[in-house]
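For reference, the chains in residue letters:
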Amino acid sequence: MNEKLRIAQYGCGKMSKYTMKYIYEKGAEIVAAFDIDNNIIGKDIGEIIGCEKKGIKVQSAKLAEEIFKILKPDACIITTMSLMSDVKDAFMICAKNGINAISTCEEAFYPWNSSTNLTKKLDELAKKNKCTLSGSGYQDVFWGNLITTLAGATHKITKIKGISSYNVEDYGIALARAHGAGLDLQTFEKEVASADNISEFERQKLIDEGKFSPSYMWSVNGWLCSKLGLTVKKQTQKCVPQTYEKELKSETLQMTIPAGHATGMSALVTTETHEGIILETECIGKVYSSDEYDKNDWTIFGEPNTQIVVSRPNTVELTCATVVNRIPELINAEYGYVTTDKMITNTYKINSLHKYVN
């Protein structure tokens, strides 16, 4: 492709500062930006990025479909919330107008095993209007392709175990609340943990009805099984509150979390496969104390055992860079809802993004 890519930004909170900055630095441009927050609507995107004015003002998300019909951007980056039910409208608007879209929504990484019917509907609409929808971010590399690459150096695998932690302060209030941060333990059990104290039949019913709330690793395990050619036999998840012995101040929640209250949660997903390989993956999202930091720790058990630990990854920047680097693959992919396990392994883009588009 000879012309620079024209990108729309849907959601102009903390993450968009980096996605929009990286878009410009990779030789593309932002042609439209949308949000629902009246405090952000009307701002020049340069104010959000922290640079000179770009001449593009954030507009109400209500105007997105109308503007998309006129502008027809090459792709849209959706950086809003964590569940498919939250980003459904944004994806629908893009699919209806034949606009490729990629989201940092954690469930969007592999929604086939959690929001099956919605994903099928989006898949059909995207195919009809000749565009591609997908999800990407930190998990694409650090919970996905990094692990499957290591698996490629393994003779026999019996178990894959992963633990990853992140500071919910970095991702906005919606994510912090979804992790139960700030709740007393009784309320956490009622509003967060109890949702997983159900039978397989009840969980499948929720999935079929589009009411299931998967943890991040639920989607990751589905992605890993798909990429590795494994067949899921059984999958369960459990959410456990994280606490701290002292009170913690949360800028995102605008509150001080009392000692012993939930600072966030650990979500443990266990997947049994017909091939005999077990996946045990855990993500820990919480408000950090001063001595805590992000960590990514994975072990492949088998012949041989292999462990890899990434300490202090800049999770936000890595998420945004991964999404931006994925845009050429998004555009090059087949039409429909295409998860990144079906795309080439993410690569560094040393040239402008449009040079990688077929």
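First things first, this report covers the structure right here in the doc. Residue positions within a chain follow its written sequence, with the count starting from 1. In view of the model being predicted, local features appear only for residues whose pLDDT reaches at least 70, and side-chain atom pairs are presented and counted only at 80 or more, with totals across whole chains, interfaces and linings using the full set of residues. In computing side-chain values, all of the structure's heavy atoms are included and hydrogens and water are not.

**So, the overall build of the protein chain**
Right, so step 1: The secondary structure listing takes helices from DSSP runs of H or I that are at least 4 residues long and strands from runs of E that are at least 2 residues long, numbered from the N terminus. Across its full length, the protein chain carries eleven helices and 15 strands.
Right, so step 2: Computation of the radius of gyration draws on C-alpha atoms alone. For the globule rule, the value is 2.2 Å times the number of residues to the power 0.38. Against the 2.2 N^0.38 benchmark of 21 Å for 358 residues, the protein chain shows a C-alpha radius of gyration of 20 Å, consistent with a compact globule.
Right, so step 3: Taken along its principal axes, the extent of the C-alpha atoms in the protein chain is 50 × 50 × 40 Å.
Right, so step 4: Only protein chains enter the calculation, and the probe is 1.4 Å; a residue is then buried if its accessible area is under 20% of its type maximum, exposed if over 50%, and partly exposed in between. In the protein chain, which comprises 358 residues, the proportion classed as buried is 54%.

**Quick word on the packing of aromatic side chains**
Each pair of aromatic rings is reported with the distance of its centres and the angle of its planes.
Right, so step 1: Two aromatic rings from Phe, Tyr or Trp, using only the six-membered ring of Trp, form a pair when their centres are within 6.5 Å; if the ring planes differ by under 30 degrees the pair is stacked, by over 60 it is edge-to-face, and anything between is tilted. Taken as a whole, this structure holds ten aromatic pairs when the rule is applied.
Right, so step 2: An angle of 50° between the planes, with centres 6.1 Å apart, marks the rings of Tyr-18 and Tyr-22 as tilted. You can see Tyr-18 and its partner Tyr-22 sitting in helix H1 (residues 16-25), four residues apart, about one turn around the helix.
Right, so step 3: Ring geometry for Phe-109 versus Trp-223: centroids 5.2 Å apart, planes at 15°, classification stacked. One end of the pair, Phe-109, is in the loop between strand S5 (100-103) and helix H5 (116-128); the other, Trp-223, is in helix H10 (residues 216-228), with 114 residues separating them in the sequence.
Right, so step 4: Residue classification places Phe-109 among the buried residues on the basis of a relative accessible area of 0%.
Right, so step 5: Grouping aromatic residues by their ring pairs yields a cluster made of Tyr-10, Phe-34 and Phe-68.
Right, so step 6: The ring of Tyr-356 carries the charged tip of Lys-349 above its face, separated from the ring centre by 5.7 Å. Only when the NZ of Lys or the CZ of Arg is both within 6 Å of the ring centre and within 35 degrees of the ring normal is a charge said to sit over the ring.

**What to know about a positive patch on the surface**
Right, so step 1: A surface patch of positive charge is lined by Lys-69, Lys-72, Lys-88, Lys-96 and Lys-121.
Right, so step 2: Assignment of secondary structure puts Lys-96 in helix H4 (residues 84-96).
Right, so step 3: Classification of Lys-96 by relative accessible area gives partly exposed; the value is 48%. Residues enter patches when their relative accessible area tops 30% and they take part in no salt bridge; the joining distance is 9 Å for like charges and 5 Å for the nonpolar side chains Val, Leu, Ile, Met, Phe, Trp and Tyr. In short, Shrake-Rupley with a 1.4 Å probe defines the accessible areas, and a residue's cover is counted only from the protein chains shown. Salt bridges are defined by distance alone: a side-chain nitrogen of Lys or Arg within 4 Å of a carboxyl oxygen of Asp or Glu. Charge assignment in this entry is limited to Lys and Arg as positive and Asp and Glu as negative, and neither His nor the chain termini are counted. Lys charges are placed at NZ, Arg charges at CZ, Asp charges at CG and Glu charges at CD.

**Points about the side chain of Asp-297**
Right, so step 1: With respect to the element layout, Asp-297 can be found in strand S13 (residues 295-303).
Right, so step 2: Despite its burial, Asp-297 pairs with no opposite charge, the nearest such side chain being Lys-295 at 4.8 Å.
Right, so step 3: A 3.5 Å cut-off defines polar contacts: any pair of N or O atoms within that distance qualifies, except that in protein one atom must be a possible hydrogen donor and the other a possible acceptor, and neighbouring residues in sequence count only when both atoms are side-chain atoms. Polar contacts involving the side chain of Asp-297 include one to the side chain of Gln-307, which spans 2.9 Å.
Right, so step 4: With residues near it in sequence (within four places) discarded, Asp-297 still touches Lys-161, Gly-162, Ile-163, Gln-307, Ile-308 and Val-309. Pairs of residues are marked as contacts when any of their non-hydrogen atoms sit within 4.5 Å.

**A closer look at the packing of H4 against H5**
Right, so step 1: In contact at an axis separation of 9 Å, H4 and H5 are set at 15° when each is read in the N-to-C sense. The orientation of H4 relative to H5 falls into the category roughly parallel. With respect to the hand of their crossing, H4 and H5 are arranged in left-handed fashion. Contacts from Met-84, Ser-85, Lys-88, Phe-91, Met-92, Ala-95 and Lys-96 of H4 reach H5 at Leu-118, Thr-119, Lys-121, Leu-122, Leu-125 and Ala-126.
Right, so step 2: When residues are grouped by polarity, Ala, Val, Leu, Ile, Met, Phe, Trp, Tyr, Cys and Pro land in nonpolar, Asp, Glu, Lys and Arg in charged, and all others, Gly among them, in polar. In terms of residue class, the contact of H4 with H5 is built from eight nonpolar, two polar and three charged. Between N-to-C directions, angles span 0 to 180 degrees; the directions come from axes that are lines fitted to C-alpha atoms, helices contributing only their stretch in contact. An angle below 35 degrees is read as roughly parallel, one above 145 as roughly antiparallel, one from 65 to 115 as roughly perpendicular, and any other as oblique. The sense of a crossing depends on the near helix, which, turned anticlockwise from the far helix by less than a right angle, makes the crossing left-handed and, turned clockwise, makes it right-handed.

**Points about the state of the cysteines**
Right, so step 1: Pairs of cysteine sulfur atoms within 2.5 Å are what we label disulfides. Using the criterion set out here, one finds zero disulfides in the structure.
Right, so step 2: This cysteine, Cys-105, is not joined by any disulfide, and Cys-94 carries the nearest cysteine sulfur, 13 Å off.
Right, so step 3: With no disulfide of its own, Cys-320 lies closest to Cys-12 among cysteine sulfurs, the gap being 12 Å.

**So, the pattern of salt bridges**
Right, so step 1: Scanning the model with the defined rule gives 13 salt bridges in all.
Right, so step 2: Residue Lys-159 is joined to Glu-280 by a salt bridge in which the shortest nitrogen-to-oxygen separation is 3.5 Å. Of this pair, Lys-159 sits in strand S7 (residues 156-167) while Glu-280 sits in strand S12 (residues 278-286), placing them 121 residues apart in sequence.
Right, so step 3: A residue is classified by how much of its surface remains accessible, and Lys-159, at 26% relative accessible area, is partly exposed.
Right, so step 4: Residue class for Glu-280 comes out partly exposed when judged on its relative accessible area of 22%.
Right, so step 5: Between Lys-286 and Glu-292 there is a salt bridge, and its shortest N-O distance comes to 2.7 Å.
Right, so step 6: Through salt bridges with shared partners, a single network forms among Asp-140, Arg-326, Glu-329 and Lys-349.

**Things to note about the nonpolar core**
Right, so step 1: If you look at the biggest cluster of nonpolar residues, it comprises 69 residues, and the most contacted ones within it are Ile-7, Ile-23, Ile-77, Trp-143, Tyr-166 and Trp-298.
Right, so step 2: If you tally residues by element for this core, the top one is H10, at seven residues.
Right, so step 3: Take the buried residues of types Ala, Val, Leu, Ile, Met, Phe, Trp, Tyr and Cys, join any two whose side-chain atoms come within 4.5 Å, and each joined set is a nonpolar core. Ranked by size, the runner-up nonpolar core spans 29 residues in total, among them Phe-68, Met-84, Leu-125 and Cys-131.

**Thoughts on H5**
Right, so step 1: Helix span, as expected, comes to 1.5 Å for every residue beyond the first. Taking 1.5 Å as the rise per residue, H5 with 13 residues should run 18 Å; its terminal C-alpha atoms sit 18 Å apart, in good agreement.
Right, so step 2: Taken residue by residue, H5 has Thr-116, Leu-118, Thr-119, Leu-122, Asp-123, Leu-125 and Ala-126 as its buried positions.
Right, so step 3: Where the residues of H5 are buried, they touch H4, strand S6 (132-135), helix H9 (200-209) and strand S15 (336-337).
Right, so step 4: Among the residues trailing H5, Lys-130 stands out with phi positive, at a value near 60°.

**Re the sheet that holds strand S4 (residues 75-78)**
Right, so step 1: In this analysis, strands are considered paired if DSSP registers two or more bridges between them. Taken together, seven strands build an open sheet; the order of strands is S3-S2-S1-S4-S5-S6-S15 and the sheet is parallel. Where the open sheet ends on each side, the last strands, each with one partner, are strand S3 (58-60) and S15.
Right, so step 2: Pairing of strand S1 (residues 6-10) with S4 involves four bridges; the strand directions are parallel. Opposite Ala-8, over in S4, you have Cys-76 as the bridge partner.

Everything listed is a geometric property; what it means functionally is a separate question.
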